[in-house]
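Read off the chains here:
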Amino acid sequence: MISVEDRLEVEAFLFKEARLADESRYSEWEALVDDDMHYWVPLQESQEPDSDQVSILNDNRTRLATRIRQLNTGVRHAQLPPSRMRRSISNIEIEKTGADEYAVGSNVVLYEFRRQAAKELEVWPARVEYKLRRKDGELKMFSKHIFLLNSEGSVRGLSFII
């Protein structure tokens, strides 16, 4: 059981993280990330993070920083012009795992309007598992695992997802 104050703080963090990603404010999004961040999108739902299986994305902090630098150039060809995005977060479950750490799970649906040639709306439903910790008085994310509902199907162009 967590306090109402902790729940509100964690939920506010998730909503801010989603908004910054939706608005392509990648440097501000990156400021929410801790040094030992693991960002993972498995190919199969049953995969374990440390398995040898192929993943859609499996980034440590350094690789994530590289991806953000690329996105910040504004010239990622798959994202010219950048997609418009909105995330909807629901079914938030929070577990306190330590004095200042939380395991959080939620359902997320990302709506992506691809303004490039096709002008298509993509829908990306997923279960997202986060690990957060308090550092210097603020919550930081040190793990984000995204279990795409369609990960074993056709997955086109995820260059923007963070």
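Everything here concerns the structure above.
Structural notes, computed from the coordinates. (Residues numbered from 1 in each chain as written. Predicted model: local features only at pLDDT ≥ 70, side-chain atom pairs only at ≥ 80, totals over all residues. Heavy atoms only, no water.)

Some points on a nonpolar patch on the surface
Stated precisely, the cut-off is as follows: Patches in this entry comprise residues that are over 30% relatively accessible and not in a salt bridge; like charges within 9 Å are linked, as are nonpolar side chains (Val, Leu, Ile, Met, Phe, Trp, Tyr) within 5 Å. Accessible areas in this description were obtained via Shrake-Rupley with a 1.4 Å probe; residue shielding takes into account the shown protein chains only. The rule for a salt bridge is simple: a side-chain nitrogen of Lys or Arg has to be within 4 Å of a carboxyl oxygen of Asp or Glu. Only runs of H or I of at least four residues qualify as helices and only runs of E of at least two qualify as strands under DSSP, and these elements are numbered from the N terminus. Exposure classes here rest on a 1.4 Å probe applied to the protein chains alone. A residue is buried below 20% of its type maximum, exposed above 50%, and partly exposed in between.
A surface patch of nonpolar side chains, about 280 Å² in accessible area, is lined by Y111, L121 and V123. Position of V123 among the secondary structure elements: in strand β5 (residues 120–135). In this structure V123 comes out as partly exposed when scored by relative accessible area, which is 42%.

Details of the pattern of salt bridges
In total, this model carries 18 salt bridges according to the counting rule given. E17 is paired through a salt bridge with K144; the nearest N and O atoms lie 2.6 Å apart. Taken together, the residues E17 in helix α1 (residues 4–22) and K144 in strand β6 (residues 138–148) connect sequence positions 127 residues apart. Take E17 and K144: they sit in the same class, and that class is buried. Put simply, R114 and E112 hold a salt bridge, and the shortest N to O gap is 3.1 Å.

Looking at the nonpolar core
Rules: Take the buried Ala, Val, Leu, Ile, Met, Phe, Trp, Tyr and Cys residues and link them wherever side-chain atoms come within 4.5 Å; each set so joined is a nonpolar core. By the convention used here, residues are in contact when the closest approach between their heavy atoms is within 4.5 Å.
Formed by 35 residues in total, the largest nonpolar core has its most connected members in W29, V104, Y130, L132 and M141. Secondary structure elements with two or more residues in this core: α1, α2 (26–30), β1 (33–42), α3 (61–72), β3 (84–98), β4 (101–114), β5 and β6. Here this core gets six residues from one element, more than from any other, and that element is α1. Beyond its immediate stretch of four places on either side in the chain, V104 contacts V10, L14, I92, E93, I94, V128, E129, Y130 and L132.

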